[in-house]
Amino acid sequence: MASFRSEPRPGSHCQATTCAVYEGLLYVGGSFRAPTDTSAAVLIRWTGAAWESLAIGRNRSEVYALATYDEKLYIGGEFATLVIPSPALPPSPLLTWDGTNLVPVAPYTTEGVVRSLVATPSGLLIGGRSGSYEDALGRVALMTPSSTLDFPGLSGTCSPSA
């Protein structure tokens, strides 16, 4: 059995906030930074033998939620600057991974934070906030392949749960 326990290095920051299985592989989101780095891996994949970094971020970039929906891996978080993949992606709190590429999801190509993702038979529930500040309006939406329905009237950060 694989062990995820390791001895922490002084000054390192390793925080796994979410996990998902996509196409038979384990994906982990969070923030994984070595003591001397100014950037952090925010999305990693277990290959069966080692961890592989898929996205590297700076300046408050972190993955908070992962969910498999509509044959894609959805990645929610706060991404101030993603330096890998290259070229850098436009700001978006919601991305997809198709096994090869990270892609911003419209209409979420704006500032904001996605804190939770829940795949349901009706669509993908998305919870978070619509701006970059803690007092930004909360947002919960249901996204389907053809539309997005916002649930109005929230303030502060909101996170749906299954």
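How each quantity is defined
- Along each chain, residue indices are assigned from 1 in the same order as the chain's sequence is written.
- Residue-level local features of this predicted model are given only where pLDDT is at least 70; pairs of side-chain atoms are given and counted only at 80 or more, and the full residue set underlies all totals for whole chains, interfaces and linings.
- The side-chain numbers reported here are obtained from all heavy atoms of the structure, hydrogens and water having been left aside.
- By the criteria applied, helices consist of DSSP H or I runs no shorter than four residues and strands consist of E runs no shorter than two, each listed in order from the N terminus.
- Remark: exposure states derive from per-residue accessible area (1.4 Å probe, protein chains only) relative to the maximum for the residue type, with buried under 20%, exposed over 50%, and partly exposed in between.
- Residue contacts are counted whenever heavy atoms from the two residues lie within 4.5 Å of one another.
- Nitrogen and oxygen atoms within 3.5 Å of one another constitute a polar contact, given that in protein one can donate a hydrogen and the other can accept it, and given that sequence-neighbouring residues count only through two side-chain atoms.
- A pair of strands counts as paired when DSSP detects no fewer than two bridges linking them.
- Axis lines are fitted through C-alpha atoms, for helices just across the contact stretch, and the angle between N-to-C directions can take any value from 0 to 180 degrees.

Engineer: Now, about unusual backbone geometry: what can you tell me, with residues and values included?
Structural biologist: The phi dihedral of Glu23 is positive, around 50 degrees, even though this residue is not glycine. Tracing the backbone shows Glu23 in the loop between strand E1 (13-22) and strand E2 (25-33). Phi is positive for Glu71, close to 65 degrees, though the residue is something other than glycine. For Glu71, the position within the fold is in the loop between strand E5 (62-69) and strand E6 (72-78).

Engineer: Which residues make up the side chain of Glu78, and what values go with them?
Structural biologist: Within the secondary structure, Glu78 is located in strand E6. Taking relative accessible area as the criterion, Glu78 reaches 9% and is therefore assigned buried. In this view, Glu78 contacts Arg60, Ser61, Glu62, Tyr64, Val113 and Arg129; residues no more than four positions away in its chain are not counted.

Engineer: Residues and numbers for the side chain of Glu62, please.
Structural biologist: When you line up the elements, Glu62 lands in strand E5. A distance of 3.2 Å separates polar atoms of two side chains, one belonging to Glu62 and the other to Gln15.

Engineer: Give me the lowdown on the sheet that holds strand E8 (residues 94-97), citing residues and values where you can.
Structural biologist: Overall, antiparallel pairing links the four strands, which are arranged E5-E6-E8-E9 in an open sheet. What marks the edges here is a single partner per strand, and that holds for E5 and strand E9 (102-104). Pairwise comparison of adjacent strand axes, ignoring direction, gives a mean angle of 30 degrees for this sheet. Pairing between E8 and E9: three bridges, direction antiparallel. When the sheet's bridge partners are listed, Trp97 is paired in E9 with Leu102.

Engineer: Could you give an account of the environment of Thr18, naming the residues involved and the relevant values?
Structural biologist: With respect to the secondary-structure elements, Thr18 resides in strand E1. Residue class for Thr18 comes out buried when judged on its relative accessible area of 13%. Along the sequence, Thr18 and Gly30 sit twelve residues apart, while their C-alpha atoms lie 6.7 Å from each other. Beyond its immediate stretch of four places on either side in the chain, Thr18 contacts Tyr27, Val28, Gly29, Val63, Tyr64, Ala65 and Leu66.

Engineer: A description of the sheet that holds strand E10 (residues 113-120) should follow, citing residues and the corresponding values.
Structural biologist: Spatial ordering of the open sheet is given by E10-E11-E12-E13, a layout of four strands whose pairing is antiparallel. Two strands in the sheet have a free side with no partner beyond their single neighbour: E10 and strand E13 (148-151). Between one strand and the next, the sheet's axes are offset by a mean angle of 20 degrees, whatever the strand orientation. As defined by bridge partners, E10 adjoins strand E11 (residues 123-129) across seven bridges and the pair is classed as antiparallel. Residue Ala119 lies in a different strand from E11, and its bridge partner there is Leu124.

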